[in-house]
Amino acid sequence: MSLRSITLATLTKDIRLEWRSRDAINSMLFFSLLVVVIFSFSFDPNAEESREIAGGLIWVAFLFAAIVALNQTWARELRNQVLDAYRVSPAPANALFLAKAVGNFILVTLLEAVMAPLFMVFYNLRALGAAWQLLAIAILGTWALVVNGTFFAAMSLRTRSREIMLPLLLFPISIPAVQSMVEATRIILSGDGSARFWVVLLLTYDVVFTTACLGLFKTILQAE
Amino acid sequence: MKKIFPIFAALTALLLAYGFYQAMWVAPTERTMGDVQRIFYYHVPSAWTAFCLFFTNLIASIVYLIRKNPKADALAVASAEVGVVFCTIVLVTGPIWARPVWGIWWTWDVRLTTTLVLWLIYVSYLVLRRFSDTAQTPVLAAVLAIFGALDVPLVYFSIWFFRTQHPQPVMGNGGSLDPRMLHAFLINLLAFSCFGAVVCWWRYGLEREQREVEELEALESLHGVSR
Amino acid sequence: MYPVAYPTALCKSQTKCIQSQSRLRQPLKLPAPVSDANIPQIIVSNLIKQFGRFAALRGVSAEFTPGKFYVILGDNGAGKTTLLRALAGLAHPTRGTVSILGKRPQQACREIGYMAHPSLLYDEMSGMENLRYFAQLYGISNDRRCEEVIRSVRLDPELTRPVGQYSQGMRQRMSLARALLHDPEVLLLDEPFSNVDVQSAREMVGLLKNMRDGGKTVFVVTHQALLLEGAADEFVWMQSGQIVSRTPHFASEAGMQ
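If you're wondering where the values come from, they're calculated on a predicted model, not measured in any experiment. Here the residue numbers are simple positions, counted from 1 along each chain's written sequence. Chain labels run from A onward and ligand labels from 1 onward, assigned in the order the entries are written. Under the rules for a predicted model, residues below a pLDDT of 70 receive no local features and side-chain atom pairs below 80 are neither given nor counted, while totals for whole chains, interfaces and linings still include all residues.

1. Description of the overall build of chain A
For clarity, the threshold we go by: Only DSSP runs of H or I covering at least 4 residues are called helices, and only runs of E covering at least 2 are called strands; the numbering of each starts at the N terminus. Each radius of gyration is computed over the set of C-alpha atoms, and the globule rule expresses the reference value as 2.2 Å times the number of residues to the power 0.38. Counts of 20 or more other C-beta atoms within 10 Å of a residue's own C-beta define buried residues, counts of 12 or fewer define exposed ones, and intermediate counts define partly exposed ones; C-beta atoms are placed from the backbone. A pair of residues counts as a contact when their C-beta atoms, built from backbone coordinates, are separated by no more than 7 Å.
Along the backbone of chain A there are 9 helices and 0 strands. When its helices and strands are written in sequence order, chain A yields α-α-α-α-α-α-α-α-α. For a compact globule of 224 residues, the expected C-alpha radius of gyration is about 17 Å, and chain A comes in at 18 Å, within 12% of that figure. Overall, chain A is about 55 × 35 × 30 Å in size when its C-alpha atoms are taken along their principal axes. Residues counted as buried form 48% of the 224 residues belonging to chain A. Here the contacts in chain A between residues at least 6 apart in sequence split such that 84% fall between residues at least 24 apart.

2. Section: the overall build of chain B
Helices and strands together make up the secondary structure of chain B, namely 6 helices and 0 strands. Of the regular secondary structure in chain B, the N- to C-terminal order runs α-α-α-α-α-α. Projected onto its principal axes, the C-alpha positions of chain B cover 70 × 45 × 25 Å. In chain B, once contacts between residues fewer than 6 apart in sequence are set aside, the share between residues at least 24 apart is 81%.

3. Brief notes about the interface of chain A and chain B
For clarity, the cut-off: Polar here means any residue other than Ala, Val, Leu, Ile, Met, Phe, Trp, Tyr, Cys and Pro, which are nonpolar, and Asp, Glu, Lys and Arg, which are charged; Gly is therefore polar.
With 27 residues of chain A at the interface, the matching set in chain B holds 27 residues. When contributions to the side of chain A that touches chain B are tallied by element, the ones reaching two or more residues are helix H8 (162-190) and helix H9 (196-222) of chain A. For the side of chain A that touches chain B, the class distribution of residues is 17 nonpolar, 6 polar and 4 charged.

4. A look at the confidence of the model for chain A
What counts, and what does not: Think of pLDDT as the predictor's per-residue confidence, scored from 0 to 100.
Looking at chain A as a whole, the pLDDT averages 88, with 96% of positions reaching at least 70. The least confident element of chain A is helix H3 (residues 47-71) of chain A, whose mean pLDDT is 83; the most confident is H9 of chain A, at 94.

5. Looking at the confidence of the model for chain B
Residues and elements named next belong to chain B. In this model, chain B carries a mean pLDDT of 86, and residues with pLDDT of at least 70 account for 92%. The low-confidence segment residues 222-227, where pLDDT is below 50, has 12 contacts with residues more than four positions distant or belonging to other chains. Interface scoring of the predicted complex returns ipTM 0.89; its pTM is 0.87.

6. Some remarks on the sheet that holds strand S6 (residues 186-190) of chain C
The strands making up a sheet are joined through hydrogen bonds of the backbone, oriented either antiparallel or parallel. Residues and elements named next belong to chain C. Going by this rule: A pair of strands counts as paired when DSSP detects no fewer than two bridges linking them. Note on geometry: axes are C-alpha line fits, over the in-contact stretch for helices, and angles between N-to-C directions span 0 to 180 degrees.
Within the open sheet, the 6 strands sit side by side as S5-S6-S7-S3-S8-S9. Their pairing is mixed. Taken across any chain shown, the strands that pair with only one partner, and hence form the sheet edges, are strand S5 (112-115) and strand S9 (242-247). The sheet shows a mean angle of 20 degrees between the axes of neighbouring strands, direction not considered. Pairing of strand S8 (residues 234-239) with S9, which is carried by 5 bridges, proceeds in the antiparallel orientation. Note on S9: the bridge partner recorded for Gln239 is Gln242. Seen against the sheet, helix H6 (residues 198-213) touches strand S3 (69-74), S6 and strand S7 (217-221) and runs at an angle of roughly 145 degrees to S7.

Right under this line is the structure:
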């Protein structure tokens, strides 16, 4: 009954359930596609300017898709008050949190994997700087959104207007992370200097908030 | 404690009046900016008061999480609400000052932007308090306060670095301060701090009373009508 | 007010008395525990639970002996569910303390089995899959225990139908199976028989009676107390957030209300 085994058990259960009814994923994928298309209409992909704003556009689009994914994190647990069963058990609360966070990470990465190539196509983007750094930013940035998003999704379970509560709590706290992602992406796409500071800041953000979430999730779970 | 409050409030009112007099009449007009600069005597003290109140909220939240003391939670509510008010004053006076002087309403100045993010975080804190069920509100709100506190240094650094890449005008008070200006500034700083403390204290008292009334009502009600 | 288990609270005040009387520094001598039988009890002490302007529990104090079958009855809004949740550790007292076998409810999670009106199961998985997952939360990794428990509630472990498609009776029984999975000492069941057919209900009562005979403590909150006449040891009546009486038989209180 270790942290690792329960996290793994919960994660595999979630993946199995998600796989059985693929409705949620399919609709999210389609939503992501729609977001990219609408952005392309709204922000004319003229060559030079698009490289400047592409960083911002991509991450805002990812943010919207992530919110849709995060909002359904606890949907299954909510249906029959399954969380009560978890709270009454001796299982560590962090196992549940990690499983949900990693599950969301996989889901949001999947959505990004669909959206990023589309953006590259519509906006004729080519990375002029170090392309491998884009991968690092994508991973760190996605984790930054997902770790806090999963945590705030759990907090909003106990509130009215659950769906609006999540972005309301998440956006202010995510500002430094989003800024880092946007700036770093802009720098790499335009090859204009080093993105190292932003990557380090993003890493710091991830470490600080992962620790905070792991430290405080039990408090949130046990609060009625 | 209750007896001190009216005296303290009266002293604060006097300080505020004196500070007003100092700021508007005694302090000399600034060379480059003109009379608009006098906002400085309200802009900065408001920011200082807001930060003190938010810091109080952080401490109260941590104390609540450790000890589950309802008084700590009442202080957290009071300091958050009053802090948001002062923060709003900062965000309103900033652009009012910037527009005539630099011709722009807003700039991604480090301090102003950090204040904006702090304002956003605490408004979301108040919304969370309003929207959650009474039993869990204190714990959820306290956790959010801690997250907010962890976020603020990161916000500061990210904007600071952003500015070194994209230089923007500074919304500060460039140059040295005339001693009369400094005097007016310090008086107003003290006055606003006291003002913030007075309002927060009052709000805290109100919150405690409201909870006591609720508790009495709850224990007396026979058939328990919720809502 | 941080809830502290009742026995330690008493010891602390007695300890202070001893300390103040002795001048010299001596090793602390803690007084003997309160109960003469020396078995840890299930104790609720001055429990108050407030939700805003509404008090669900208004000063409930009671002692329950392990190994007995208790039925908690009362009108809607009397505080039955809240009391049960307080015993399970799901509702934190506004004031007062709860002690389950000498520990706080959250420390006693291995000893507590909880079942509520929502099934606490995943609708999309089969019964066996559900139990397999919840078993892992308790560190039980073999399927044998899951199958055994499912059979004990008269359901088929081989059934692959998702729980969401079960009838209400089957769902309640599967939920009971989940509560029994880790062989808890104390069972807390909230409305286990609601919307359940009579046959299933009788079988569940039989099962619970066997558990009590095997030394477990059972608490059932229900509106259908007649079912439990003959099986239960004591009927606990609640009204307006307080316990008003405790009787060995349901019939003797039928005239009340």
